[in-house]
Amino acid sequence: MQFTDSHCHLDDIVFREQLPSLLAQCAKLAINRIIVPAISPDNFDNVLTIAKRYHNKPIQLHACLGIHPWFLDGLNNVHLEQLTAKVTLEKSNIIAIGETGIDGANIKRSDEPIKELAKQQHFFDCQLNLAKQNDLPVIIHHRQSHQYIVPMLKQYKLARSGVIHGFSGSYQQAKDYLDLGFKLGIGSTITYSRAKKTINTVKRLPLESLVLETDAPSMPLSPEVMGTEVKSKEFMAKEAISQEVATNSPINLIKIFNVLTTIRTESSEEIAEQLEHNIEQVFFT
Ligand SMILES: [Zn+2]
């Protein structure tokens, strides 16, 4: 079995010092690929640099370029132009636009929600357009925002589609994305037994629609799962895992996979194989 972390912020400062040993641990666990999204113009170069440095050794790292809806303060069209220029320049070194999207919780919390929504929509719209122009898939952040995202995706009809990262939601919400050709990023949410709606959705969806992700160092797994002995073969290499890696790290991908195998009826091998196939389909064809 081989695995891909479809969403990990490996350029984050918490990983900087231990990156070589962390990637060696990933290799031991058969996590052979990590997709690293950007979040703002500030980290474009870091993401590109680590992806180039470790491109194939000991595992593959793949960069994406995009602007996350959390980090729009102080940004304007100049930054969107910077993104466009960077995508053009680095086209052969990136595999997607992302992460971009819309965050409904941030809109609600804002002093000027209408303005905040308009700004997030503008940045998302430009990035969907950029993905379309460059024939790239897109990695989408959502939180309480399906109602905003789905109509925009319907409008763009992206041929390469992409991933709805950190998916949580109902079966019908999931279906809306699948009908648009998108895959759903399955991460730590399914490790929380209280996330019943999402777990039931993941149980019912076609395996062809899922990809795995950690979103590390964000999105810690449930204490329940982090404390549990997981007895899969891959996880026997656990001894090699350093405990000092903070709240979440790409090595937890195996724990998420193991939880997924308990939710699904297919064999572990079948699940792993299909998930890798799904990654190939979105990012590498
Ligand atoms: Zn992320």
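Residues numbered from 1 in each chain as written. Predicted model: local features only at pLDDT ≥ 70, side-chain atom pairs only at ≥ 80, totals over all residues. Heavy atoms only, no water.

A.B. asks: Would you take a moment to explain the coordination of the zinc ion for this structure?
C.D. replies: Each pair of donors in an ideal octahedron of six around a metal sits at 90 or 180 degrees, and each pair in an ideal tetrahedron of four sits at 109.5 degrees. Distances from the zinc ion to its protein donors, namely His7 (NE2), His9 (NE2), Glu99 (OE) and Asp215 (OD), fall within the range 2.1 to 2.4 Å. For the zinc ion, the four donor atoms in the first shell make angles of 81 to 170° at the metal, so the coordination geometry reads as irregular. Considered as a linear motif, the donors of the zinc ion on their single chain read H-x1-H-x89-E-x115-D. (Donors = N, O, S within 2.8 Å, 3.2 Å for Na, K, Ca; no water. Tetrahedral: all angles 85-135°; square planar, octahedral: opposite > 155°, others 65-115°.)

A.B. asks: Where do I start with the sheet that holds strand β4 (residues 94-103) in this structure?
C.D. replies: Adjacent strands of a sheet form backbone hydrogen bonds with each other and so pair up, either parallel or antiparallel. The strand order β1-β2-β3-β4-β5-β6-β7-β8 describes an open sheet built from eight strands, whose pairing is parallel. Each having just a single partner strand, β1 (3-5) and β8 (210-212) make up the two edges of the open sheet. Pairs of neighbouring strands in the sheet enclose a mean axial angle of 30°, with direction left out of account. Two strands pair when backbone bridges link them, and β1 and strand β2 (residues 31-36) are joined in this way by three bridges, in the parallel orientation. By the bridge assignment, Phe3 is partnered in β2 with Ile31. Across the face of the sheet, helix α3 (residues 44-53) comes into contact with β2, β3 (60-65) and β4 while running at roughly 155° to β3. (Pairing = 2+ DSSP bridges. Helix = DSSP H or I, 4+ residues; strand = E, 2+ residues; numbered from the N terminus. Axes fitted to C-alpha atoms, helices over the stretch in contact; angles between N-to-C directions. Contact = heavy atoms within 4.5 Å.)

A.B. asks: Would you mind showing me how to read the pairing of β4 here?
C.D. replies: Side chains on a regular strand alternate between the two faces of the sheet. Among the 10 residues in β4, 10 count as buried, and that is most of the element. When β3 meets β4, the two strands line up parallel, connected through three bridges. Its bridge partner being in β4, Leu65 is matched across the sheet by Ile97. Bridging between β4 and strand β5 (residues 138-143) involves five bridges; their strand directions are parallel. Looking at β5, one finds that Asp103 is bridged to Arg143. (Buried < 20%, exposed > 50% of the residue type's maximum accessible area, 1.4 Å probe, protein only.)

A.B. asks: Before we go on, may I ask you to explain the nonpolar core in this structure?
C.D. replies: Taken as a class, soluble globular proteins show a tendency for nonpolar side chains to be buried jointly. Counting 78 residues, the largest nonpolar core has Leu10 and Ile34 as its most contacted members. At seven residues, the largest contribution of residues to this core is made by helix α11 (residues 253-263). Those residues in contact with Ile34 that lie beyond four places of it in its chain are Asp5, Cys8, Leu10, Leu23, Cys26, Ile59, Gln60, Leu61, His62 and Pro250. Cys64, Ala96, Val211 and Ile279 belong to the second-largest nonpolar core, a separate cluster that totals 10 residues. (Core = buried A, V, L, I, M, F, W, Y, C linked by side-chain atoms within 4.5 Å.)

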